[in-house]
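Notes for the structure review
Residue-level listing of the chains:
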Amino acid sequence: MPAIRTSVAGFLFLCMHTTFPHNPKSKTLNSATIMSKTDSTAPQRGISLDLYAVLLALILALLVRFNLIPPVKW
Amino acid sequence: MASAVTSARSAGPVGLARRIVDLIPGLLLLAAVGYAGKFIEQSIAAYTKSRHVTFPNIEYVLWAIVIGLVIANTTGVPRIFEAGVATYEFWLKAGIVLLGSRFLLGDVLHLGGISLLLVAVALTLSLSFMHLLGRAFKLKPKLTSLLAIGSSICGVSAIIAAKPAIDADDEDASYAIAAILTLGAISLFTFPLIGHSLHLSDKAYGLWAGLAVDNTAEATAAGALYSDAAGKVAVLAKTSRNALIGFIVLAYAMYWASRGEAQAVGNKAAFLWRKFPKFVLGFLLISLLATIGFFTKPQLTSLANLSRWAFLLTFAGVGLHTSLRELGKQGWRPFAVGAIGEVFIALLTLGLVYGADRYLHL
């Protein structure tokens, strides 16, 4: 149960702080759309997506390491 | 986007709940498309096995991408799914970090070192070639710079990182991104075919895909389409390439600043850190933990499977985010420069991989 609580808390934290950049592959591929969403000169308020991906992966690795989640099958 | 975060924080639990609810439909769509791909692969394999029919195994990767492409280019992805579908790059990065568990640090250093060596050679030649092409096709110099960075290093991420650093126009960045995305979509289908026709080994093909395909998602998919082992090597090679983004963008920023057409870079170390893809460090950390025996064998299998689930969401997102119609609307000249450059880079890296296979024993 603590593992599930940790995962849920981690997910909520991620949702609150992560900013998913608009992907430029989306349907409206015009310059205004792309750049308004991806301009990295804009003030950076959230921590980068990379760091949260690393954080999530590390949390999952620890949960697996300490057998707090069942074996993951494919 | 920043305002969305601010509003989510200021609105407290309500904003947070809304953000989560916004992500759910798209996440479910990614999972449904990805799982459908896996289901189709397994069903075909079970059917052909029971009937003793010989049929080539078509990986779930291809099914997931094709289903996504069909949805995106027929009905389109409704707005309600967009936020969740946009998370696919997040799953890609989490998947790459988890994939570190499948590499011993020695392998990472060996293959990563070879990759970095090949990247350095390929970069020098491809950047020069792209600039020559840009001049021949009379493209704007900054558009040429963006195309060169995108096709030599890391596709869209590199273009987005370079755009403010060299003070390029929005229009130029859009053209460069569109050209790189179109070529990435084409390479998804052509690379495995070429690899099979040349009878490349898993390692050689993986290295080639990681060095030549631009976007990380497409490089991962192109590798996985060949084989599981090739996918693993492609991710490692691509990760080595990604690690160089900061250095290349810094070099371009300094070049354009010296011409008075971009702002000077103050603290270079801080600039490099800002542009450095942090998931590379996560990948190395997990690989180190696996090397020192922090995980048992069944736990390593679980981590590898978690990585595959994360990639499943990624591949679904690649298809769902590719609009062929919109990509086709971009100008022909940036596309032509990108296409010629990509063919050059593909041939160049193929030659380098052959050489490495022969002399450095992959």
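Quick notes on the rules
Residues numbered from 1 in each chain as written. Chains lettered and ligands numbered in written order. Predicted model: local features only at pLDDT ≥ 70, side-chain atom pairs only at ≥ 80, totals over all residues. Helix = DSSP H or I, 4+ residues; strand = E, 2+ residues; numbered from the N terminus. Buried ≥ 20, exposed ≤ 12 C-beta atoms within 10 Å, placed from the backbone. Rg over C-alpha atoms; globule rule 2.2 N^0.38 Å. Contact = placed C-beta atoms within 7 Å. Core = buried A, V, L, I, M, F, W, Y, C linked by C-beta atoms within 7 Å. pLDDT = per-residue confidence, 0-100. Axes fitted to C-alpha atoms, helices over the stretch in contact; angles between N-to-C directions. Parallel < 35°, antiparallel > 145°, perpendicular 65-115°, else oblique. Left-handed = near helix turned anticlockwise from the far one by under 90°. Nonpolar A, V, L, I, M, F, W, Y, C, P; charged D, E, K, R; others polar. Expected span 1.5 Å × (residues − 1).

1. What to know about the overall build of chain A
Looking only at helices and strands, chain A features 3 helices and 0 strands. Overall, chain A shows an N-to-C arrangement of helices and strands of α-α-α. Counting the 74 residues in chain A, one finds 28% classified as buried.

2. A word on the overall build of chain B
Each helix and strand in chain B was counted, giving 17 helices and 0 strands. On C-alpha atoms alone, chain B measures out to a radius of gyration of 21 Å, which is about the 21 Å that the 2.2 N^0.38 rule sets for 362 residues. Within chain B, the proportion of its 362 residues that are buried is 52%. Taking all contacts inside chain B whose residues are at least 6 apart in sequence as the whole, residues at least 24 apart take part in 80%.

3. A closer look at the nonpolar core
Residue and element names in this part refer to chain B. Ranked by size, the top nonpolar core spans 126 residues in total, and within it Leu98 and Ile159 carry the most contacts. For this core, the element with the highest residue contribution is helix H7 (residues 141-165), accounting for 14 residues. For Ile159, the residues in contact, after removing those within four places along its chain, are Leu146, Ile149, Gly150, Ala173, Ala176, Ile177 and Ile180.

4. Some remarks on the confidence of the model for chain A
Residue and element names in this part refer to chain A. Across chain A, pLDDT averages 61, with 36% of residues at or above 70. The spread of mean pLDDT over the elements of chain A runs between helix H2 (residues 31-38), the lowest at 38, and helix H3 (residues 49-65), the highest at 94. A low-confidence stretch, residues 1-46 stays under pLDDT 50, and its non-local contacts, those more than four residues away or across chains, total 83 contacts.

5. Side note on the packing of helix H6 (residues 105-136) of chain B against helix H11 (residues 228-242) of chain B
All names here are of chain B. Two elements in contact, H6 and H11, have axes separated by 9 Å at closest approach and are oriented at 55°. Here H11 runs oblique to H6, going by the angle between their axes. In this structure, H6 meets H11 at a crossing whose hand is right-handed. Together, Val108, Leu111, Gly112, Ser115, Leu116 and Val119 of H6 and Val233, Leu236, Ala237, Ser240 and Arg241 of H11 make up the contact between the two elements. Partitioning the contact of H6 with H11 into residue classes produces 7 nonpolar, 3 polar and 1 charged.

6. Quick notes on the environment of Met130(B)
Within the secondary structure, Met130(B) sits in helix H6. Aside from chain neighbours lying at most four places away, what touches Met130(B) is Thr144(B), Leu147(B), Ala148(B), Ser151(B), Ser152(B) and Gly341(B).

7. Quick look at the packing of H7(B) against helix H12 (residues 245-258) of chain B
Residue and element names in this part refer to chain B. Two elements in contact, H7 and H12, have axes whose closest approach is 10 Å; the angle formed by their N-to-C orientations is 70°. Looking at the two axes, H7 sits roughly perpendicular to H12. In this structure, the crossing between H7 and H12 has a hand that is right-handed. Counted together, Ser145, Ile149, Ile153, Cys154, Ser157, Ala158, Ala161, Ala162 and Ala165 of H7 and Ile245, Ile248, Val249, Tyr252 and Ala253 of H12 form the full contact between these two elements. Grouping the amino acids of the contact of H7 with H12 by side-chain chemistry returns 12 nonpolar, 2 polar and no charged.

8. A look at the confidence of the model for chain B
All names here are of chain B. This prediction gives chain B a mean pLDDT of 85; 94% of its residues lie at or above 70. Looking at the elements of chain B, mean pLDDT is at its lowest for helix H1 (residues 2-10), recorded as 43, and at its highest for helix H4 (residues 79-85), recorded as 94. In the model, residues 1-9 has pLDDT below 50 throughout and makes 17 contacts with residues more than four positions away in sequence or in other chains.

9. Overview of the environment of Ala120(B)
All names here are of chain B. Among the structural elements, Ala120 can be located in helix H6. The exposed category is assigned to Ala120, around which 11 C-beta atoms lie within 10 Å. Sequence spacing of Ala120 and Gly155 is 35 residues, and the spatial spacing of their C-alpha atoms is 16 Å.

10. Brief notes about unusual backbone geometry
Unlike most non-glycine residues, Asn67(A) shows phi in positive territory, near 55°. Here Asn67(A) lies in the segment after H3. Residue Asn67(A) is classed as partly exposed on the basis of its C-beta count, with 13 C-beta atoms lying within 10 Å. Positive phi values are uncommon outside glycine, yet Lys138(B) reaches one of about 55°.

11. Side note on helix H17 (residues 332-359) of chain B
Residue and element names in this part refer to chain B. Taking 1.5 Å per residue, 28 residues should reach 40 Å; H17 reaches 40 Å between its end C-alpha atoms and fits that length. Among the residues of H17, those classed as buried are Pro334, Val337, Gly338, Gly341, Glu342, Ile345, Ala346, Thr349, Leu350, Leu352, Val353 and Ala356. Where H17 is buried, its residues contact H6, H7, helix H8 (170-197) and helix H9 (202-212). Backbone geometry just after H17 places His361 at a positive phi near 50°.

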